[in-house]
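Report on the structure
Chain by chain, the residues:
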Amino acid sequence: MLDSSANRIAAWIACALCWAVAPAAPAETVTLSPAADTTLYETTPNNNLGATPNVIAGTTAGNAGQPYRNRALIRFDIADRIPAGAVITSASLTLTVVRIPSVPADSTFELHRLFKSWGEGNKDTNAGQQATTGEATWLSRFFLLPGWTTPGGNPGADFSTNASAATFVTGLGSYTFDSGSNLIADLQFWLDNTNTDFGWMLVSQDEATPSTARRFASREDPVNAPTLAIEFVPPPLIGEVSLQNTNLTFHFNVEAGYNYAVEYADAFPATDWLVLTNYEAKLTSFEASVTHSLEAIPGRYYRLSRVPCNCR
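The structure reproduced in this document is the subject of the present report. (Residues numbered from 1 in each chain as written. Predicted model: local features only at pLDDT ≥ 70, side-chain atom pairs only at ≥ 80, totals over all residues. Heavy atoms only, no water.)

Counted as a void, the largest pocket has a volume near 440 Å³. Taken together, 21 residues make up the lining of the largest pocket; nearest its centre are Thr60, Ala61, Arg99, Ala213 and Arg215. Class assignment of the residues belonging to the lining of the largest pocket gives a composition of nine nonpolar, nine polar and three charged. (1 Å grid on protein atoms, 1.4 Å probe; cavity = no way out; pocket = protein on both sides within 12 Å on 5 of 7 lines; lining within 4 Å. Points joined across faces, edges and corners; volume = space filled by probe spheres on them. Nonpolar A, V, L, I, M, F, W, Y, C, P; charged D, E, K, R; others polar.)

Next comes the structure, spelled out in structure tokens:
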């Protein structure tokens, strides 16, 4: 059965305006650079660090005052490079540590999906500068208002309590947050709901321990900027369309492991789509052929949708 809440982006055909498109392509990979990143800086809670060549996450050593927390924000424009209706199958985020405390404490760093939007800002010194209108700080999502639910962001309100991915960080060098179900789910959600793509918050799992702070290269670093590699299966496409007498026939590739539905409507936009046929998930791919009578129908629209099978 198809999940009715799944994003159902498809190839469309009207019998009065038929066209042919290429069959579905194999999995593709893209590598994205951040669209925005910045630091929430508890030391000076009204400062913005949006244009610095690094972002900070973790807790300071406390050499010049009490230890202070830092949390980094990073966002990628998923829909800019991946077509609507695609299925994301794997992903990995690579960050590079460019500075550590003199006596570092190692910790695990986590990514948490953000629920709310924020402004990157343009302040470019290591400690940041006083924020101006619309810039993220420890206190504000967009200086001066609106603020975070609590300073630095509140788990459950401003960002997810569940980690999307995690990795143990020690010294300088590159670290990868590997593909997992939560990370993939974030990306798929953002692709299917583009107005919710607010990115991740990067936090140390051990914020209570001083010297866990790390500076990670930001998108302003020309050498070590973050990269997000995503593998996806492009959306299904209808191809090889033909019209003989009153019968419309079209073909498409049914890929292994996916459920497919072919639906039609006699008007567009459509409020109700009628199921023409379904294809349950198979172990191997094959080419499907669908024929439908258009007799006495002035115009008809078709859509092809695909969702992964939770096969057991």
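Once that is clear, we can look at the environment of Gly58. Tracing the backbone through its elements, the reader meets Gly58 in strand S5 (residues 54-59). Once the C-alpha coordinates of Gly58 and Ala84 are considered, the two residues, 26 residues apart in sequence, prove to be 35 Å apart. Apart from residues lying up to four places away in sequence, Gly58 is in contact with Tyr68, Arg69, Asn70, Phe109, Ser204, Thr212 and Ala213. (Helix = DSSP H or I, 4+ residues; strand = E, 2+ residues; numbered from the N terminus. Contact = heavy atoms within 4.5 Å.)

What follows covers the pairing of strand S16 (residues 247-254). In terms of strand pairing, strand S15 (residues 239-244) meets S16 through four bridges, oriented antiparallel. When the sheet's bridge partners are listed, Gln244 is paired in S16 with Asn247. Remark: two residues form the turn of the hairpin made by S15 and S16, two consecutive strands paired antiparallel; Asn245 in that turn has positive phi of roughly 55 degrees. Of the strand pairs in this sheet, S16 and strand S19 (residues 286-293) are connected by eight bridges, and their pairing is antiparallel. From the neighbouring strand, Thr249 faces S19, where its bridge partner is Thr291. (Pairing = 2+ DSSP bridges.)

Overall, the coordinates contain nine aromatic pairs when judged by the stated rule. Aromatic side chains Tyr264 and Tyr302 sit 6.4 Å apart centroid to centroid with 40 degrees between the ring planes, which places their arrangement in the tilted category. Residue Tyr264 is located in strand S17 (residues 258-265), and its partner Tyr302 is located in strand S20 (residues 301-308); the two are separated by 38 residues in the primary sequence. Each member of the pair, Tyr264 together with Tyr302, is buried. (Phe/Tyr/Trp six-rings, centres within 6.5 Å; stacked < 30°, edge-to-face > 60°. Buried < 20%, exposed > 50% of the residue type's maximum accessible area, 1.4 Å probe, protein only.)

Here three strands make up an open sheet; going across it, the order is S15-S16-S19 and the pairing antiparallel. Only two strands of the sheet have a single neighbouring strand rather than two, namely S15 and S19. Averaged over all pairs of adjacent strands, the angle between strand axes in this sheet comes to 20 degrees, irrespective of strand direction. (Axes fitted to C-alpha atoms, helices over the stretch in contact; angles between N-to-C directions.)

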